[in-house]
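# Architecture at a glance
Each chain, letter by letter, is given below.
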Amino acid sequence: MKKSLRIGAALVLLGFLASPAVSQNGKDEALDSKVRAFLQKMRYEWRDMNVPETDGKLLYDIVVKNGYTKALEIGTSTGHSGIWIAWALSKTGGKLITVDIDEGRYREAVANFEQAGLGDFIDARLADAHELVPELKGPFDFVFIDADKDWYTNYAKAVIPKLEAGGCIAAHNVYASRGGRRYGMGTGDFYEFMSKHPDFETSILESRGGLSTSYKKKTVAE
Ligand SMILES: C[S@@+](CC[C@H](N)C(=O)[O-])C[C@H]1O[C@@H](n2cnc3c(N)ncnc32)[C@H](O)[C@@H]1O
């Protein structure tokens, strides 16, 4: 082979090997820009009981920091928290199942997920979570509960056997006690249940909307 041909072939091979990484990074950056632009556009438009932006960021950080990949959200509404969770899952290579009972909010959420560029990372279900959650097979490593407050403990009981060791149950509108009285829109029983559960370490984060996290211990009680 002529020297110039050999150099040409080597360059083609080099380009081929380098291109997947280059296009992967390009893809990540394009997705990040799309998500950021969508969140910016929607910043003051979330009006359906959605989490505040600060709490969305907290959810994002929990998923990325722990490398979670199998997520479940109970209570999609129009998709604000789902977008933060799915954006994090786009970094870890994971997927989110999210469920809501309200058809109008479900449809809006699906449109929002597409517009944010995150549709491929989300399996949105229109269903009564009281029925669907016990039926889901799992396993999960991250669960976010943000639906009907008086059912939080039942949701927890249904997902605990499907939660991997090291996994996390996060729940919204759960607050620390004030002046000896616990409050939080009916989530007090859930907090009591989780904080007394021997297999979990539960705490409440500094958060605008009240966010508890319960991490499943690596070794659980027999
Ligand atoms: C606080 S909002 C969720 C907000 C959402 N996580 C966000 O930040 O964008 C609660 C949602 O739970 C849904 N919900 C209430 N009861 C439900 C049930 N039994 N099954 C499924 N969804 C339910 C409501 O329709 C509502 O959209």
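In this report, we go over the structure that sits alongside the text. (Residues numbered from 1 in each chain as written. Predicted model: local features only at pLDDT ≥ 70, side-chain atom pairs only at ≥ 80, totals over all residues.)

To continue, consider the overall build of the chain. Summing up its helical and strand segments, the chain has seven helices and seven strands in all. Tracing the chain from N to C terminus, the helices and strands come up as α-α-β-α-β-α-β-α-β-α-β-α-β-β. Relative to its 222 residues, the chain shows a buried fraction of 37%. Counted over contacts in the chain with a minimum sequence separation of 6, partners at least 24 positions apart contribute 70%. (Helix = DSSP H or I, 4+ residues; strand = E, 2+ residues; numbered from the N terminus. Buried ≥ 20, exposed ≤ 12 C-beta atoms within 10 Å, placed from the backbone. Contact = placed C-beta atoms within 7 Å.)

This brings us to the site of the ligand. Close contacts around the ligand come from 20 residues, with M49, G75, S77, S81 and A129 the closest. For the shell around the ligand, the elements supplying multiple residues, two or more each, are α3 (80-92), β2 (95-100) and α5 (129-135). Partitioning the shell around the ligand into residue classes produces six nonpolar, eight polar and six charged. (Near = placed C-beta within 6 Å. Nonpolar A, V, L, I, M, F, W, Y, C, P; charged D, E, K, R; others polar.)

Let us look at helix α2 (residues 53-66). Here α2 contains 14 residues, and its C-alpha end-to-end distance of 20 Å stays within 8% of the 20 Å for a straight helix at 1.5 Å per residue. Looking at α2, one finds that the buried residues are D55, G56, L58, L59, I62 and V63. Around the axis of α2, the buried residues are gathered within 160° of arc, so they sit on the same side. Along α2, the residues that are exposed and aim more than 90 degrees away from the buried face are D61 and K65. Packing partners of the buried residues in α2 comprise β1 (70-74), α3, β4 (140-145), β5 (163-172), β6 (200-205) and β7 (211-216). Just downstream of α2, G67 is the residue with a positive phi angle, here 65°. (Expected span 1.5 Å × (residues − 1). Arc of directions from axis to C-beta.)

Our focus in this paragraph is the sheet that holds strand β3 (residues 122-126). Taken in spatial order, the seven strands line up as β3-β2-β1-β4-β5-β7-β6 in an open sheet, and their pairing is mixed. The open sheet has two free edges, formed respectively by β3 and β6, since each of these has just one partner strand. Pairs of neighbouring strands in the sheet enclose a mean axial angle of 15°, with direction left out of account. (Pairing = 2+ DSSP bridges. Axes fitted to C-alpha atoms, helices over the stretch in contact; angles between N-to-C directions.)

Moving on, we come to the pairing of β6. Where β6 and β7 come together, six bridges link them in antiparallel fashion. Residue pairing across strands places E201 opposite Y215, the latter belonging to β7. Joining the antiparallel neighbours β6 and β7 is a turn of five residues, in which G210 adopts a positive phi near 80°.

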